[in-house]
Amino acid sequence: MNDQSLKEGLKITKSRLRLLSEIIFLLIFSFMFWQGNIQAWALFWVVGIAVSLVFSRLYCGWVCPIGTFMRLQSWIYDKLNLRRYSVSSSAFITVLRLLFVAAFFAGMYAVRGLGWQLNIIMILVGAGLISSFFLSEDFWHRVCPHGTVLYVSTSPSKFSMNLDEDICTGCGLCEKTCPSGAITSREDSEIRKINNNECLTCHDCEKVCPVDAISYSS
Ligand code: SF4
Ligand code: SF4
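Rules used throughout
- Residues numbered from 1 in each chain as written.
- Chains lettered and ligands numbered in written order.
- Predicted model: local features only at pLDDT ≥ 70, side-chain atom pairs only at ≥ 80, totals over all residues.
- Helix = DSSP H or I, 4+ residues; strand = E, 2+ residues; numbered from the N terminus.
- Expected span 1.5 Å × (residues − 1).
- Buried ≥ 20, exposed ≤ 12 C-beta atoms within 10 Å, placed from the backbone.
- Arc of directions from axis to C-beta.
- Contact = placed C-beta atoms within 7 Å.
- Domains from an automatic or database assignment.
- Nonpolar A, V, L, I, M, F, W, Y, C, P; charged D, E, K, R; others polar.
- Near = placed C-beta within 6 Å.
- Core = buried A, V, L, I, M, F, W, Y, C linked by C-beta atoms within 7 Å.

*Asks:* I keep staring at helix α6 (residues 120-134) and nothing clicks. Help me out?
*Replies:* Residues lying three or four places apart along an α-helix face the same way, a consequence of the helix completing one turn every 3.6 residues. Under the 1.5 Å per step criterion, the end-to-end length of α6 is 22 Å for 15 residues, consistent within 8% with the ideal 21 Å. Within α6, burial applies to Ile120, Ile121, Leu124, Gly128 and Ser132. Down the axis of α6, the sector holding all buried residues measures 105°, keeping them to one side. In α6, the exposed residues that point more than 90 degrees away from the buried face are Gly126, Ile130, Phe133 and Phe134. Those residues of α6 hidden inside the fold are in contact with α4 (65-79), α5 (90-112), α7 (137-143) and α8 (145-153).

This is the structure in structure tokens:
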């Protein structure tokens, strides 16, 4: 087996492992919901934050049930050739992001400190799914309050998606594929760069890059 087929084999294996992970965690989430114990999912949030300190936002790309639903939703939209609105203003996104994260912590305080009966996890699931009926997937990935916590916690991570600018040809396939808007062009060329804080570590860009310029590495 030559190097190229080995690389392709690894990409396929990663893709299958990711799908398996998403299915397993979606089943766990559904089971907790069915048992009336969905609040316990917060434990996965905490573990996701701890993991992100070293391995980036694996929670978002491999575990989060909202992300899994959205991936299925995007697949269906693509098959039906349906288009969604895209929010391009990064200032607007930043304001929303701050508002949502403030509301998230206020909600947490209301539940833990004041004993309010709020189901924050299901509110997030509902908000994410409703938004993605009309807006492109990257919108929710950028305003999700738990995603914002991970946006910060992933900063010191040792492992992340890295794009080799010496190999990149600027074809743009990775940018088109990225579900979170984490890939953009450099100001002075078509060569791409990755914003690792926004990256969900889904590996989709690595899968489509024709010259193997992207890899998950330290
Ligand atoms: S897909 Fe690969 S070659 Fe194309 S822009 Fe992205 S990193 Fe560069
Ligand atoms: S940069 Fe790559 S790994 Fe990160 S979210 Fe975008 S497509 Fe996924």
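*Asks:* Even after reading the chapter, I still don't get the domain arrangement of the protein, so can you show me in this structure?
*Replies:* How big an interface is tends to be expressed through the accessible area that disappears when the partners come together. When its domains are assigned, the protein resolves into domain 1 (3-153) and domain 2 (161-217). Computed over C-alpha atoms only, the centres of domain 1 and domain 2 are separated by 21 Å. Contact residues are listed per partner, giving 17 residues for domain 1 and 14 residues for domain 2. Residue composition of the side of domain 1 that touches domain 2, grouped by class: three nonpolar, six polar and eight charged.

*Asks:* Hey, could you run me through the site of ligand 2 in this one?
*Replies:* Around ligand 2, a shell composed of 15 residues is seen, among which Cys178, Cys199, Leu200, Cys202 and Cys205 lie nearest. Of the residues belonging to the shell around ligand 2, the class tally is 10 nonpolar, four polar and one charged.

*Asks:* Any chance you could explain the site of ligand 1 here in plain terms?
*Replies:* Around ligand 1 sit 14 residues, and of these Cys168, Cys171, Cys174, Cys209 and Ala213 come closest. Looking at the shell around ligand 1, its residues break down into 10 nonpolar, three polar and one charged.

*Asks:* Whenever I open this one, the nonpolar core confuses me. Can you help?
*Replies:* Nonpolar side chains tend to gather and get buried jointly when the protein is soluble and globular. Ranked by internal contacts, the top residues of the largest apolar core, which has 31 residues, are Tyr59, Cys174, Cys205 and Ile214. Looking at this core, the elements that each hand over two or more residues are α3 (58-63), α4, α6, α7 and α8. If one sorts the elements of this core by residue count, α3 sits on top with five residues. The residues that make up this core include at least three from each of domain 1 (3-153) and domain 2 (161-217).

*Asks:* What's the story with unusual backbone geometry in this structure? I'm lost.
*Replies:* Backbone phi values are negative for most residues with the exception of glycine, while trans is the configuration of most peptide bonds. Of note in the backbone geometry, asparagine 81 takes a positive phi value of approximately 55° without being a glycine. Looking at where asparagine 81 falls in the secondary structure, it is placed in the loop between α4 and α5. At aspartate 212, a position not held by glycine, the phi torsion is positive, near 55°. Turning to its location among the elements, aspartate 212 is positioned in the loop between α10 (204-208) and β4 (214-217). According to the C-beta neighbour criterion, aspartate 212 is partly exposed, with 14 such atoms within 10 Å.

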